[in-house]
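Topology and contacts: notes
These are the residues of each chain, in order.
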Amino acid sequence: MSNSTTYKQRKEDFVSNLSGGPVSEINNVTAVALVAVLLWSALQARHSFFQTSAALGLLVDYGLNVCAILLATTLYSDAPLLLCIFLATPVALVYMLPPSGGSSRKKRAAVPPPPPPTTTADATGPSSARSLGRGGDPAALDAVPVKPFLTTYRGSMQIITYIAILAVDFRLFPRRFAKVETWGTSLMDLGVGSYVFTAGVVAARPVLKERASGRALSPLTRLLRSLRHSVPLLALGFVRLLSVKGLEYAEHATEYGVHWNFFFTLGFLPPFVALFQEILRLVPSYAALSMCVVGLYELALSRTPLKAYILTAPRGPDLVSMNREGIFSFLGYLAIFLAGQDLGMFVLPRKVNPRSDARPGVQRNTLLMTMAVWAGIWVLLYNVSTSYKYGLGLTVSRRLANLPYVLWVAAFNSVFVLGYCLVDTVFFPAFYNATDKRAEREAYEFATSKLMRAFNRNGLGLFLVANLLTGLVNMTVPTLDVSPAAAMAILLAYTGALSILALVLDAYNISIKL
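Residues numbered from 1 in each chain as written. Predicted model: local features only at pLDDT ≥ 70, side-chain atom pairs only at ≥ 80, totals over all residues. Heavy atoms only, no water.

Thoughts on the overall build of the protein
To be explicit about the condition: Secondary structure is summarised from DSSP: a helix means a run of H or I of at least four residues, a strand means a run of E of at least two, and numbering begins at the N terminus for each. For every residue, the accessible area obtained with a 1.4 Å probe (protein chains only) is divided by the maximum for its type, and the residue is called buried under 20%, exposed over 50%, and partly exposed between those limits. Should any heavy atoms of two residues lie within 4.5 Å, those residues are counted as being in contact. Residue exposure ignores everything except the shown protein chains as possible cover, and the areas themselves are Shrake-Rupley values with a 1.4 Å probe.
Assigned secondary structure in the protein consists of 23 helices and zero strands. The burial tally for the protein puts 54% of its 514 residues in the buried class. Put simply, of all contacts in the protein between residues at least 6 apart along the chain, 79% involve residues at least 24 apart. Summed over its atoms, the accessible surface of the protein is roughly 22600 Å², and 67% of this surface lies on carbon and sulfur atoms.

Here's what the structure looks like:
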């Protein structure tokens, strides 16, 4: 018992009192995911590599989209730019080789034929929006399509999250990437916020569909629907709480509190966002609403004793003081969710401006420019909030989820979504030129990794499995004492198991709805 207690204390000390690392290094590490997608896209667009080589294609897919990120956070953590160069260099070689015959055929097939003369309305025009949810032409394009670059972006963020939650328990994973104690930036701090941000992007889809259908839901109906998503997450939060306490699993109280965990944060977001829908009648956008929430929260932190209470108050005896980090940081995560939802409101629709009848190419360029402007705004606001010379001089705190943390997460994700969209635009323009659902679906599948699609389909379910596997490994393996080789073997087996599970669920058309 003494040995287990000692080891538990060592585990808690291993993730305590950390100060993180520079934002530039975090950007370099995460850029590996974007460069890996660049190489994947070049292989697919030029040679249809992942269409014609089934088994080998899946193996290379896993190597590029999973193992590259694993290497960036472990063996190449001190030289992520070198890994980026290794991944980017073959892109030139791919284009030096003549395209394969399969690629040429696929490219021709991906370019859809012109609409038949009997079509009564342009499928990409206003009639498409009106037909959504009203029994319109089944071949007409949806007003809110599933876009390849968003699938890739979400898949990359999920993979980084899955890797980090287990890798952090090994010495191979640099301490500067683990969650900071109070002040500073780290890869895992960014990962938590990015997970919430991507959830916000996806949450814009039902809002857009509701608006396109022309049938506004009542506040009560919207709240009840949100609770259907909340209850399973809150249940998972209680399961995690009971299992952590029952198994005496190592825990870090200053992360969320004594009882609170990330599942509770995720679970409370949908009903709060549903309530905030009514406020949008007074506030012009989700971005403005996000800034109002985090701005008022930052004022409370700066002008009242709230910050001192969160950071220094005794633990207990009441539940609020025991879980003050999780309870009050929820406001910051709510702001991050709303910022993600704002991005989703103009990224998800087929047209940035629904009243515009511009050609697909013009629409795509408008989207890129809009994304670039918003990415610039978030980056500027982040720099203003953290600059001591020209701004507020604030320091990022994931523990508080304060203003600079919210702006950092929004800026990072906006820039990276723009990067994935640029890759998508360059390599797979056929998706944006499709004139019917079948051609668009074929172009979508050609432009997205099968593994990424599988991770997206059951993202939250796989996140739960990843947490269970992380607990299993920590209960059976002394992660602090294993060699780097053993740690890499365990991480490869873990990521491989998650990838196989995702692909099997997708192959059998199983969607785990939580």
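From this point on, the discussion continues.
Notes on the pattern of salt bridges
We count it as follows: Salt bridges are defined as contacts in which a side-chain nitrogen from Lys or Arg sits within 4 Å of a carboxyl oxygen from Asp or Glu.
Within the structure shown, the criterion is met by 14 salt bridges. In this structure, Arg176 and Asp78 form a salt bridge, with 2.8 Å as the shortest nitrogen-oxygen distance. Of the two residues, Arg176 is situated in the loop between helix 8 (148–167) and helix 9 (187–213) and Asp78 in the loop between helix 4 (54–72) and helix 5 (80–96); the sequence distance between them amounts to 98 residues. For Arg176, a relative accessible area of 25% gives the class partly exposed. On the basis of relative accessibility, which here comes to 66%, the residue Asp78 falls in the exposed class. Taking the shortest distance from any N to any O, the salt bridge between Glu325 and Arg399 comes out at 2.9 Å. Taken together, the positions of Glu325 in helix 16 (residues 324–347) and Arg399 in the loop between helix 17 (360–386) and helix 18 (403–427) put the pair 74 residues apart, joining distant regions of the chain. When salt bridges with common partners are traced through the structure, they connect Glu25, Asp78 and Arg176 into a single cluster.

Remarks on the packing of aromatic side chains
Aromatic ring pairs are defined here through the distance separating the ring centres and the angle between the ring planes. Let me state the cut-off plainly: Pairs were defined over the aromatic rings of Phe, Tyr and Trp, the Trp ring being its six-membered one, requiring ring centres within 6.5 Å. Orientation was assigned from the angle between planes: stacked under 30 degrees, edge-to-face over 60, tilted for the rest. Counted as over-ring charges are cases with an Arg CZ or a Lys NZ within 6 Å of the ring centre that also lie within 35 degrees of the ring normal.
Applying the stated criterion across every chain yields a total of 26 aromatic pairs. For the pair Trp40 and Phe428, a centre-to-centre distance of 6.4 Å together with 55 degrees between the ring planes defines the contact as tilted. A residue pair is termed long-range when its members are at least 10 positions apart, and Trp40 in helix 2 (residues 23–47) and Phe428 in the loop between helix 18 and helix 19 (430–433) qualify at 388 residues. For Trp40, a relative accessible area of 4% gives the class buried. We classify Phe428 as buried; its relative accessible area is 5%. Relative to Phe268, the ring of Trp260 lies with its centre 5.7 Å away and its plane at 25 degrees, an arrangement referred to as stacked. For Phe268, a relative accessible area of 30% corresponds to the partly exposed category. One aromatic cluster is present, formed by Trp40, Phe49, Phe50, Tyr95, Phe427, Phe428 and Phe446 through successive ring pairs. The cationic tip of Arg175 hangs over the ring face of Phe14; the distance from NZ or CZ to the ring centre is 3.7 Å. For Arg176, the ring lying beneath its charged end belongs to Phe177, and the centroid distance is 5.1 Å.

Re the nonpolar core
Here is the rule we go by: Within this scheme, the nonpolar core is defined by two criteria: the residues are buried Ala, Val, Leu, Ile, Met, Phe, Trp, Tyr or Cys, and they are joined through side-chain atoms within 4.5 Å.
Within the largest apolar cluster, 137 residues are counted, with the highest numbers of intra-cluster contacts made by Leu87, Phe149, Phe197, Met371 and Tyr405. At 16 residues, the largest contribution of residues to this core is made by helix 18. If we skip the residues at most four places from it in the chain, Leu87 touches Val32, Val35, Ala36, Leu39, Leu64 and Ala68. Ranked by size, the runner-up nonpolar core spans six residues in total, among them Tyr297, Ile310, Phe328 and Leu400.

A few points about unusual backbone geometry
The phi torsion at Asn17 lies on the positive side, around 60 degrees, for a residue other than glycine. Within the element layout of this structure, Asn17 appears in the loop between helix 1 (2–14) and helix 2. When its relative accessible area of 66% is taken as the criterion, Asn17 is described as exposed.

A look at the packing of helix 10 (residues 219–246) against helix 12 (residues 262–276)
Going by this rule: Axes here mean lines fitted to C-alpha atoms, for a helix over just the part in contact, with angles spanning 0 to 180 degrees between N-to-C directions. These descriptions rest on fixed angle ranges, namely under 35 degrees for roughly parallel, over 145 for roughly antiparallel, 65 to 115 for roughly perpendicular, and the rest for oblique. Each crossing gets its hand from how the near helix is turned against the far one by less than a right angle, where anticlockwise is left-handed and clockwise is right-handed. Each residue gets one of three labels, nonpolar for Ala, Val, Leu, Ile, Met, Phe, Trp, Tyr, Cys and Pro, charged for Asp, Glu, Lys and Arg, and polar for the others, Gly among them.
Packing of helix 10 against helix 12 leaves a shortest axis separation of 7 Å and a crossing angle of 170 degrees. Classified by the angle their axes make, helix 10 and helix 12 are roughly antiparallel. For the pair helix 10 and helix 12, the sense of crossing is left-handed. Between helix 10, through Arg222, Leu223, Ser226, Leu227, His229, Ser230, Leu233, Leu234, Leu236, Gly237, Phe238 and Arg240, and helix 12, the contact on the second element is made entirely by Phe263, Phe264, Leu266, Gly267, Phe268, Pro270, Pro271, Ala274 and Leu275. A class-by-class count of the residues in the contact of helix 10 with helix 12 yields 14 nonpolar, five polar and two charged.

Examining helix 10
Here is the rule we go by: To estimate the expected span of a helix, count its residues, drop one, and scale the result by 1.5 Å. The angle between axes fitted to the seven-residue stretch ending at a residue and the seven-residue stretch beginning at it gives the bend at that residue.
The end-to-end C-alpha separation of helix 10 is 40 Å, in line with the 40 Å expected for 28 residues at 1.5 Å each. Where helix 10 bends most, at His229, the angle is about 30 degrees, and the proline Pro232 comes one to four residues later. Taken together, the buried positions of helix 10 are occupied by Arg222, Ser226, Ser230, Leu233, Leu234, Leu236, Gly237, Leu241 and Val244. Contacts from the buried residues of helix 10 go to helix 9, helix 12 and helix 22 (459–476).

Re the UniProt feature "transmembrane region" (unreviewed entry) in the protein
Selection criterion: UniProt positions are given in the numbering used here, feature names are shortened, and annotations may be inferred rather than shown by experiment.
Listed under "transmembrane region" (unreviewed entry) in the UniProt record, and renumbered for this structure, are residues 55–73, 79–98, 259–276, 327–347, 367–385, 405–432, 460–480 and 486–508. Helix makes up 85% of residues 79–98 and strand 0%, whereas the separation of the span's terminal C-alpha atoms amounts to 33 Å. Strand forms 0% of residues 327–347 and helix 100%; the C-alpha atoms that close the span are 31 Å apart.

Observations concerning the environment of Val146
Turning to its location among the elements, Val146 is positioned in the loop between helix 7 (126–131) and helix 8. By relative accessible area, which is 42% here, Val146 ends up partly exposed. When residues no more than four places from it in sequence are discounted, the contact partners of Val146 are Thr151, Arg205, Phe431 and Tyr444.

Re the confidence of the model for the protein
Quick reminder of the rule: The score called pLDDT rates the predictor's confidence residue by residue, from a low of 0 to a high of 100.
When pLDDT is averaged across the protein, the result is 87; 89% of the residues are at 70 or more. Below pLDDT 50 for its whole length, residues 102–135 participates in 45 contacts with residues either more than four positions away or in separate chains.

Focus: the packing of helix 17 against helix 18
At their nearest, the axes of helix 17 and helix 18 sit 8 Å apart, and the two run at 155 degrees to each other. As the angle between them shows, helix 17 and helix 18 are arranged roughly antiparallel. Crossing of helix 17 against helix 18: the hand is left-handed.

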